[in-house]
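Geometric and topological summary
Here is how the chains run, residue by residue.
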Amino acid sequence: MTFEIWAAFAAASAVLLVIPGPTVLLVVSYALGQGWRTALPMAVGVALGDFTAMTLSMLGLGALLATSATLFTALKWVGAAYLVYLGVKLWRAGDALDAAPRTDAASAAKMLGHAWLVTALNPKSITFFVAFLPAFLDAKADFLTQMLVFETTFLVLAFANAFGYALVATKARRFAGNPRAIGVVNKVGGGLLVSAGIATAAFSGMEKR
């Protein structure tokens, strides 16, 4: 694996994680209602949920790679198109976070389990990984090594992202409800995703040559 491929994966992953989705909304809801103590259990739960979804996706991709290199290459182009689609969708998204504060008392274990379930059982998670990961996998390199590197990178970023969102929601509640700020995040994130999609398509085209 080249450093450029890893860096592109890390950058695209960071952008995708920052985008508000069901997991981020859950983290923000707990943080708004119960403060900074939610940060660690929620971040651990999110990382475990992403580990579950990503491992299942990677094992499926490994089986596909072993079965048909042509189908795997086609999936890379689908993944690049999917990134562009997500970018356009984010650019056109709303400008507010739909996260109501959760005031119900919850233990750290309950919060961790809730975050794991929401992240792992979200159907979009596995669909996303199946479409996203092939753009960065090298069919000629050792699959297990790539799986280890990509999962470790993504999970570290996922933990940091969830932890950061919880702390920001606790300390900067005005930001979480500021339509202009959220709108800027969506526009910047959307532009970066479209760029990531174009870049991964370019990588796929170079590999074919």
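Bear in mind that the values here come from a model prediction, so they are computed numbers and not experimental data.

What follows covers the overall build of the protein. Counting its regular elements, the protein contains nine helices and zero strands. Mapped in sequence order, the helices and strands of the protein form the string α-α-α-α-α-α-α-α-α. Residues classed as buried in the protein amount to 45% of the 209 residues present. Across the protein, the fraction of contacts at a sequence separation of at least 24, relative to all contacts at a separation of at least 6, is 89%. Accessible surface computed for the protein: about 10,500 Å², of which carbon and sulfur atoms make up 71%.

Moving on, we come to the nonpolar core. Proteins that are soluble and globular tend to have nonpolar side chains buried together. Judged by nonpolar contacts, the single largest core of 41 residues is most densely connected at Phe9, Met54, Phe132, Leu133, Phe136 and Phe154. Secondary-structure elements contributing two or more residues to this core are helix 1 (3–18), helix 2 (22–34), helix 3 (39–67), helix 4 (69–91), helix 5 (108–120), helix 6 (123–132) and helix 7 (143–171). If sequence neighbours within four positions are ignored, Met54 has contacts with Phe9, Phe129, Leu133, Phe150, Glu151 and Phe154.

Time to look at the side chain of Asp50. Inspection of the secondary structure puts Asp50 in helix 3. You can call Asp50 buried: its relative accessible area is 8%.

Let us now look at a nonpolar patch on the surface. Where nonpolar side chains cluster on the molecular surface, the patch consists of Leu48, Trp116, Leu117 and Leu121 and spans about 370 Å² of accessible area. Inspection of the secondary structure puts Leu48 in helix 3.

Here we come to the packing of helix 1 against helix 7. Where helix 1 meets helix 7, the closest approach of the two axes is 10 Å, and the angle between their N-to-C directions is 30 degrees. Taken together, the axis directions place helix 1 and helix 7 in an arrangement best described as roughly parallel. For helix 1 against helix 7, the interelement crossing comes out right-handed. Across the interface between the two elements, Ile5, Trp6, Phe9, Ala10, Ser13, Ala14, Leu17 and Val18 of helix 1 pack against Val149, Phe150, Thr153, Phe154, Leu157, Ala158, Asn161 and Tyr165 of helix 7. Split by residue class, the contact of helix 1 with helix 7 holds 13 nonpolar, three polar and no charged.

Now for helix 2. A rise of 1.5 Å per residue sets the reference length of helix 2, with its 13 residues, at 18 Å; its end C-alpha atoms lie 18 Å apart and thus fit the reference within 8%. Burial within helix 2 is extensive, with 10 of its 13 residues counted as buried. Just downstream of helix 2 lies Gly35, where phi reads positive at about 85 degrees.

Turning our eyes to something else, we now look at the packing of helix 2 against helix 5. Pairs of packed helices are described in terms of their axes, by the angle between the two and the distance that separates them. Relative to each other, helix 2 and helix 5 sit at 160 degrees, their axes nearing to 9 Å. Compared by their axis directions, helix 2 and helix 5 come out roughly antiparallel. You can see that helix 2 and helix 5 cross each other, and the crossing is right-handed. Along its contact with helix 2, which presents Pro22, Thr23, Leu26, Tyr30 and Gln34, the element helix 5 presents Met111, His114, Ala115, Val118 and Thr119. Partitioning the contact of helix 2 with helix 5 into residue classes produces six nonpolar, four polar and no charged.

Turning next to the confidence of the model for the protein. Looking at the protein, pLDDT values average 76 and 71% of them are 70 or higher. No element of the protein has a lower mean pLDDT than helix 8 (residues 173–176), which averages 56, and none a higher one than helix 7, which averages 88.

What follows is about the environment of Thr2. Relative to the elements of secondary structure, Thr2 occurs in the segment before helix 1. Residues Thr2 and Asp138 lie 136 residues apart in sequence; the distance between their C-alpha atoms is 9.9 Å. A polar contact of 3.2 Å, which involves the side chain of Thr2, links it to the backbone nitrogen of Ile5.

Attention now goes to the packing of aromatic side chains. By convention here, two paired aromatic rings are described through the distance between centres and the angle between planes. All told, the structure shown has four aromatic pairs when counted by the stated rule. Note on Phe9 and Phe136: the rings are 5.5 Å apart at their centroids and 80 degrees apart in plane angle, and the pair reads as edge-to-face. Of this pair, Phe9 sits in helix 1 while Phe136 sits in the loop between helix 6 and helix 7; the two residues are 127 residues apart in sequence, bridging distant segments of the chain. Considered together, Phe9 and Phe136 belong to a single accessibility category, that of buried residues. A ring pair is formed by Phe9 and Phe150, whose centres lie 4.3 Å apart and whose planes are at 45 degrees; its orientation type is tilted. Linking Phe9 in helix 1 with Phe150 in helix 7, this pair joins segments that are 141 residues apart in sequence. Each of the two residues, Phe9 as well as Phe150, counts as buried. The structure contains a cluster of three or more aromatic residues connected by ring pairs, namely Phe9, Phe136 and Phe150.

Procedures and definitions
Residues numbered from 1 in each chain as written. Predicted model: local features only at pLDDT ≥ 70, side-chain atom pairs only at ≥ 80, totals over all residues. Heavy atoms only, no water. Helix = DSSP H or I, 4+ residues; strand = E, 2+ residues; numbered from the N terminus. Buried < 20%, exposed > 50% of the residue type's maximum accessible area, 1.4 Å probe, protein only. Contact = heavy atoms within 4.5 Å. Areas by Shrake-Rupley, 256 points an atom, 1.4 Å probe, with all protein chains shown as cover. Core = buried A, V, L, I, M, F, W, Y, C linked by side-chain atoms within 4.5 Å. Patch = residues over 30% accessible without salt bridge, like charges linked within 9 Å, V, L, I, M, F, W, Y side chains within 5 Å. Salt bridge = Lys/Arg side-chain N within 4 Å of Asp/Glu carboxyl O. Axes fitted to C-alpha atoms, helices over the stretch in contact; angles between N-to-C directions. Parallel < 35°, antiparallel > 145°, perpendicular 65-115°, else oblique. Left-handed = near helix turned anticlockwise from the far one by under 90°. Nonpolar A, V, L, I, M, F, W, Y, C, P; charged D, E, K, R; others polar. Expected span 1.5 Å × (residues − 1). pLDDT = per-residue confidence, 0-100. Polar contact = N/O pair within 3.5 Å; in protein donor to acceptor, adjacent residues only side chain to side chain. Phe/Tyr/Trp six-rings, centres within 6.5 Å; stacked < 30°, edge-to-face > 60°.

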